[in-house]
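An overview of the molecular structure
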Amino acid sequence: MPSDIAVYGLGVMGRNIALNLANHGMTVSVYNRTASTTEAFVADLPADSGIMPTYSLGELCDSLARPRVVFLMATAGRVVDLIIESLLPLLDAGDVLIDGGNSYFKDTQRRWQSLADKGIHYLGMGISGGEEGARRGPSIMPGGDAAAWPLVREHFERIAAKADDGQPCCRWIGEGGAGHYVKMIHNGIEYGDMQLIAEAWQLMRDGLGMPATAIADTFAAWNDGVLRSYLIGITADILRVTDADGSLRVDHILDSAGQKGTGRWTAVDALETGVPLTLIAEAVYARMLSSLKEERVALAARLGGRQPVAAADQAAMLQAIHDALYAAKIVSYTQGFLQMRTAAAAYDWQLDYANIALVWRAGCIIRSRFLDDIAQAYERDATLPALPFDDFFADALRGAQAGWREAVAFGIRSGIPTPALSAALSFYDGYRSADLPANLIQAQRDYFGAHTYQRTDRAAQQHWHTRWTDDRQEVAVDD
Ligand code: 6PG
């Protein structure tokens, strides 16, 4: 019997997606460039697993029902192009090719356009949730050729994670590279969430001097409230794992964070599109700074490390750290959704922000209760400029800001770096400032470069220049 779908690439994600598809009643042909990987994968499977091994691309494509559906799970980059080139001669117009890897959205945009010319339906599908998600239910962000989505929608809705209301965390995102773009934003937000949690942990550990068990209990307690999320939950778990000698496992882990690059893509895209994505960018920089381990050790000896200061009231400071974490998280998601809004305009995508928040409620790494609040805000107003314009989030920010300031000030006084918590607070103060000192910058630019400026008391479209080093006369300048 012909297979419903093929999975090309049996790495961690590919083989778990294949098993998930088969567990949901689909017949799945599988292929891996290294045949022994395919052999090892199927060796342990029962005869009725629904998984069909294939050992050539011809065998893979011949095994499929028509129109063919081929799901690629390969490392982002040139590899994906090479795989597509090798499959093209074996595919027919109307077939569906899906890239489920973490591809860069501009690559997906290019592939989608190129394959459309050949009559091949191309989908760039963001998949989040790691190995566990792939096996048991990921969050799925499909984009690309809208005509193809009805052909495969049921496959992916069945394997997707289900939110508490039973809805699959799999919804159409948009044309072209939109699915991979939203996955990229997810990863940027993931970096921000992880950095915020790490800063809160250090404030408790090095600022308040709390033992790991007390910190783990604190994160576990926070996980019952507005901060409930997968990342907060795993943090509480991580802080309870000890070595045989009773020492905390995480204390033995080298404090140098890796990054495959998706967070960096997000920050670079924000700079290119003019979005003040300050928190996520700081989270990327924090990983880069952490990688300078030898220099940090040398400078700690030369410049002296932290100078912990006692918190007047530990319980109050704990609440302040909680509030800072929550408020900064609101800022991070504010910035992430601002970036998606900017991209939607630039690429003519009709992004549904409530939908995107709903897709992230389960299965993905940033899954949290918080996403229900975001979905509700965009359901109240689909044209919401940004989260702080919604009363729920405006009230949450106002209510948290006193503690937020206390926690950041405590970190500053203690010599504890809080790049994400601090950047978020500066963004908050800047975003709600009717007047910023950018007028002085405009005057400086006009002083040395005659770059002109607008005046608040005259028509906006008129630009002006002052002869600052001459007679200080102001003259109108037409573009
Ligand atoms: C997910 C994750 C995943 C990511 C890894 C490594 O949504 O399942 O975001 O896609 O690639 O977690 O990410 P970094 O190496 O960039 O931290």
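Residues numbered from 1 in each chain as written. Predicted model: local features only at pLDDT ≥ 70, side-chain atom pairs only at ≥ 80, totals over all residues. Heavy atoms only, no water.

Here's the deal with the overall build of the protein chain
Where we set the bar: Going along the chain from the N terminus, every DSSP run of H or I of four or more residues is numbered as a helix, and every run of E of two or more is numbered as a strand. Here the globule rule reads 2.2 Å times residues to the power 0.38, and the radius of gyration is calculated from C-alpha atoms. Between two residues, a contact is recorded if the distance between any of their heavy atoms is within 4.5 Å. Note on areas: these come from Shrake-Rupley sampling with a 1.4 Å probe, and a residue is covered only by the protein chains present in the view. All tallies of charge rest on Lys and Arg as positive and Asp and Glu as negative; His and the ends of each chain are not included. Each charge is placed at NZ for Lys, CZ for Arg, CG for Asp and CD for Glu.
Across its full length, the protein chain holds 19 helices and ten strands. Taking 479 residues into account, the globule formula puts the C-alpha radius of gyration at 23 Å, and the protein chain, at 26 Å, falls close to it. Seen through its principal axes, the protein chain has C-alpha atoms that stretch 80 × 70 × 45 Å. If you take every contact in the protein chain between residues at least 6 apart in sequence, the share linking residues at least 24 apart comes to 66%. With the model as given, the accessible surface of the protein chain reaches about 21700 Å², and the carbon-plus-sulfur share is 53%. Of the side-chain charges in the protein chain, 42 are positive and 58 negative, and the distance between the mean point of each set is 2 Å.

Section: the site of the ligand
Here is the rule: A molecule or strand has a residue near it when one of that residue's heavy atoms lies within 4 Å. In the analysis that follows, any N or O atom pair within 3.5 Å is treated as a polar contact, provided that within protein one partner can donate a hydrogen and the other can accept it, and provided that, for residues neighboring in sequence, both atoms belong to side chains. Grid points spaced at 1 Å and placed over the protein atoms alone form the basis of the search, with a cavity being a set where a 1.4 Å probe fits but cannot get out and a pocket an open set showing protein on both sides within 12 Å along at least five of seven lines. Lining residues have an atom within 4 Å of a point. A molecule is counted as occupying a cavity or pocket when more than half of its atoms fall within 2 Å of that pocket's grid points.
Surrounding the ligand, one finds 15 residues, the nearest of these being Asn-102, Ser-128, Lys-183, Glu-190 and Tyr-191. In this structure, an oxygen atom belonging to the ligand sits 2.9 Å away from a main-chain N or O atom of Gly-129. A distance of 2.8 Å is found between an oxygen atom of the ligand and a side-chain nitrogen or oxygen belonging to Lys-183. Among the detected pockets, the ligand sits in the second largest pocket. Sorting elements by how many residues they give to the shell around the ligand places helix 8 (residues 178-207) first, with five residues.

Section: the layout of surface pockets
Quick reminder of the rule: Grid points are joined across faces, edges and corners, and a volume is the space filled by probe spheres set on the points. Each residue gets one of three labels, nonpolar for Ala, Val, Leu, Ile, Met, Phe, Trp, Tyr, Cys and Pro, charged for Asp, Glu, Lys and Arg, and polar for the others, Gly among them.
Estimates place the volume of the largest pocket at around 1600 Å³. For the largest pocket, the lining is made up of 40 residues, of which Ala-198, Trp-201, Gln-202, Asp-255 and Ser-290 are closest to its centre. Counting residues per element, the lining of the largest pocket draws most heavily on helix 8, at ten residues. For the lining of the largest pocket, the class distribution of residues is 22 nonpolar, nine polar and nine charged.

Some points on the side chain of Asn-355
Rules: Three labels apply to residues, based on accessible area from a 1.4 Å probe with only protein chains included: buried if under 20% of the type maximum, exposed if over 50%, partly exposed otherwise in between.
Counting through the fold element by element, Asn-355 comes out in helix 15 (residues 353-359). Judged by its relative accessible area of 17%, Asn-355 is buried. Not counting residues within four places of it along the chain, the set of residues in contact with Asn-355 comprises Arg-171 and Trp-172.

Regarding the packing of aromatic side chains
Operational definition: Two aromatic rings from Phe, Tyr or Trp, using only the six-membered ring of Trp, form a pair when their centres are within 6.5 Å; if the ring planes differ by under 30 degrees the pair is stacked, by over 60 it is edge-to-face, and anything between is tilted.
All told, the structure shown has 23 aromatic pairs when counted by the stated rule. A ring pair is formed by Trp-404 and Tyr-428, whose centres lie 5.4 Å apart and whose planes are at 40°; its orientation type is tilted. Of this pair, Trp-404 sits in helix 17 (residues 391-414) while Tyr-428 sits in helix 18 (residues 419-431), and the two are 24 residues apart along the sequence. With respect to class, Trp-404 is no different from Tyr-428; both count as buried.

Thoughts on the pattern of salt bridges
The criterion, for reference: In what follows, salt bridge is the name for a side-chain nitrogen of Lys or Arg lying within 4 Å of a carboxyl oxygen of Asp or Glu.
In the structure shown here, the tally under the stated rule is 27 salt bridges. The partner of Lys-293 in a salt bridge is Asp-255, and the shortest N-O contact between them spans 2.7 Å. With Lys-293 in helix 13 (residues 293-303) and Asp-255 in the loop between helix 10 (230-238) and helix 11 (262-273), this residue pair connects regions lying 38 residues apart in the sequence. The structure contains a network of salt bridges with shared partners spanning Asp-81, Asp-99, Asp-107, Arg-110 and Arg-111.

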